[in-house]
Amino acid sequence: MASRILMPVPVCLIENSQRKGLVVQQEALQVLSEVTQPVVVVAIAGLYRTGKSYLMNRLARQRKGFSLGSSMQSHTKGIWMWCVPHPCKPGHTLVLLDTEGLGDVEKVWKKQKCDINNDTWIFVLTVLLSSTLIYNSKGTIDQQAMDQLHYVMKLSEHIKLKAAPEKSEDELKDSEKFVLFFPTFVWAVRDFTLRLEVDGKEISEDEYLENALKLKAGSSPEIEHYNQPRTCIRQFFPGRKCFVFDQPARKRDLVRLEELQDDEIDPEFLQQVEKFCSYIWETSPPKTVRGGHFVTGNMLGKLAETYVKTIQSGAVPCLESAVVALAEAENTAAVKAAVTLYEDLMKQQVKLPMETLQELLELHTKCEQEALKLFMARAFEDNICCFQADLLRQVQQVKEKFCTDNEQASRVKCEAALKDLSQDLERRIRDGAYSVPGGYELFKGDEQALVGKYRELPGKGVKADAVLQEFLQRKQAVAKVILNADVSLTEKDKELKSEQDRNERAEQEREVQRKKEAEDKQKLQDQLRSCEEHKLQLRKKLEESCAKQLEELQKMMSHKSKEESALLREGLCDKATHMQLMNSRLEQEYYTTKNNIMSWIEIMAKTLLDLADVIFRHWRSGSGGSLPRSL
């Protein structure tokens, strides 16, 4: 599903069942498992019967798809998903999530059977899974609208960033770092009837939203109630956008809105929808997790499973734990994909037998680099050294198999060549052609002629000399018989010939041994090269990861600084002072992280080299195949 997604209708991703609660649907997971591209996840939330599904159908460039319904009954239960090709970002998939209406009256009527708390969990899941969150409401952004968005105030109680508790009071709370991981926020106001102006001055939709989010000075319960949802939106969602929409048609026609033709819909509304869709398509970012890793459809499905499983257990979803679990699965898959790529490339390019080991190792180097490139592109930094070492081990194992197969192919070819070339020699031995005076010299001459023809044959491979030595060794017994039977030679001549033969055999054995030692040295040099390449690529990835981490901290500091300035303009000095304190802590974290980067990278690189050393020592000891997977 990497190039074209054939998904004609939405499917349920997370069912909200009265009997089982929240349940991830296997059909949706199967669809996501086939989406190997990065995903842009646009989700919509809001009260029931506010027209959420209509906007999502428009984002899918369809009139129908997500169920609209036409009564007080909410049609969307749980979270529904529609994967479509992204209209503006080639190589990306647009994943649309339509959520169950918050505050559904049906749940109130059936509160004995349905856990109303699922509203909160559905909102939490929508935030966690999306890269752009659309909040859909009707009328105006007033206190009632803010009260209806009370779910945003529960996020700090229902989401954890880290599995471990805070180390000190000076450490920022999880909720104060939500800005790093939360989606961009778009408020869609439907059936908007007011004029966009303040004190007679025309304002933009975004200014309308920001005015609605302004805080009041004071500490009374009423003011705290007023400020709380606004504070959460400002703190959690630094990227904010607002769109207002006129009523699309006459009231009596709204029940069949998806059936209306464009000329039956208010032109102003159509323009507003077109403007909204263009903005979402063009600006919504791909879904990422910690470290800036792009999330694919398969990864999105795993995140949904992890979060829902945690909720079902009664615990609070933890972003760190979810990413660690995702990293484990993705790194395992990355190793498998890289090894498969290496093996496929080698099969395509290696033509056995290769003439020299050096040729084979040069191909191995190119294929290994491509495999390592794939692994680094997919792998997470979490425990990456062990997974990279496992990749090194498995690639080494496949390489050794190619080396063994290359030797075997060379041996088979050389033995076949010698068998063909020695037919005349064997026939003369059987016919007794050498059992005559001078037969030994005749035999040695024919043998040397055979060796000469054999050496001229191309493409024999790495076992050419070893197989020849074995062949000549097998002929020593025959040569000795012919030598002893040759009456033209004196005993002294025979002794000299025997000594000459022994010297020739010894030199042949030394030559074979020299070549074996040279090949062993080549393999060792290749292992050292491989280690250096792995270390270099690991350093590069870790440096990029650290740069992204510092960039994220800088963005958060910038957001806190802007919020501090806004609070000062609004006369909220106490809140501004608190924001300044948070920024100071962030600056300290930024410089601590920056100063520790190099030492951390050195430790990771040394860990990889230590693991690689264990692997290669094992191979050099001759038991490479028995190295355990757990290093």
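A brief structural summary.

## Points about the nonpolar core
Ranked by size, the top nonpolar core spans 102 residues in total, and within it L59, M81, F123, V152, L155, W187 and F276 carry the most contacts. The leading source of residues in this core is helix α4 (residues 118–129), at eight residues. Excluding residues that lie within four positions of it along the chain, W187 makes contacts with Y135, S137, I141, A145, M146, L149, L209, I233, K241, C242 and F243.

## Details of helix α1 (residues 26–33)
Every buried residue of α1 is listed here: A28, L29, V31 and L32. Seen end-on, α1 carries its buried residues on one side only, within an arc spanning 160 degrees. Facing away from the buried side of α1, by more than 90 degrees, are the exposed residues Q26 and E27. Residues of α1 that are buried make contact with β1 (11–17), β2 (21–24), β4 (79–85) and α10 (297–312).

## So, the sheet that holds strand β5 (residues 93–99)
With respect to topology, eight strands assemble into an open sheet ordered β2-β1-β4-β5-β3-β6-β7-β10, the strand pairing being mixed. Each edge of the open sheet carries a strand with a single partner, namely β2 and β10 (240–244). The average undirected angle you get between the axes of adjacent strands in this sheet is 20 degrees. The sheet contacts of helix α9 (residues 267–283) involve β3 (39–46), β5, β6 (132–138), β7 (184–190) and β10, and relative to β10 the element is tilted by about 160 degrees. Against the sheet, α10 contacts β1, β2, β3 and β5, and its axis sits at roughly 155 degrees relative to β2.

## Thoughts on unusual backbone geometry
Of note, the bond from L352 into P353 is cis; its omega dihedral lies within 30 degrees of zero at -5 degrees. With respect to the element layout, P353 can be found in the loop between α11 (319–349) and α12 (357–378). Despite not being glycine, R61 shows a phi value in the positive range, around 60 degrees. Here R61 is to be found in the loop between α2 (52–59) and β4. Unusually for a residue other than glycine, D199 sits at a positive phi of about 50 degrees. Residue placement: D199 occurs in the loop between β8 (197–198) and β9 (201–202). Classification of D199 by relative accessible area gives exposed; the value is 81%.

## Comments concerning empty space enclosed by the protein
In this approach the atoms are scanned with a rolling probe the size of a water molecule, which exposes any empty space left behind. Summed over the entire model, instances satisfying the criterion amount to one cavity of 30 Å³ or more. Approximately 60 Å³ is the volume attributed to the largest cavity. Every residue along the wall of the largest cavity is listed here: L357, L360, C403, N406, E407, V462, E519 and K523. Sorting the residues of the lining of the largest cavity by element identifies α12, α13 (384–421) and α18 (491–569) as the ones contributing at least two each. If one sorts the elements of the lining of the largest cavity by residue count, α13 sits on top with three residues. Among the residues forming the lining of the largest cavity, the class breakdown is four nonpolar, one polar and three charged.

Criteria and cut-off values
Residues numbered from 1 in each chain as written. Predicted model: local features only at pLDDT ≥ 70, side-chain atom pairs only at ≥ 80, totals over all residues. Heavy atoms only, no water. Core = buried A, V, L, I, M, F, W, Y, C linked by side-chain atoms within 4.5 Å. Buried < 20%, exposed > 50% of the residue type's maximum accessible area, 1.4 Å probe, protein only. Helix = DSSP H or I, 4+ residues; strand = E, 2+ residues; numbered from the N terminus. Contact = heavy atoms within 4.5 Å. Arc of directions from axis to C-beta. Pairing = 2+ DSSP bridges. Axes fitted to C-alpha atoms, helices over the stretch in contact; angles between N-to-C directions. 1 Å grid on protein atoms, 1.4 Å probe; cavity = no way out; pocket = protein on both sides within 12 Å on 5 of 7 lines; lining within 4 Å. Points joined across faces, edges and corners; volume = space filled by probe spheres on them. Nonpolar A, V, L, I, M, F, W, Y, C, P; charged D, E, K, R; others polar.

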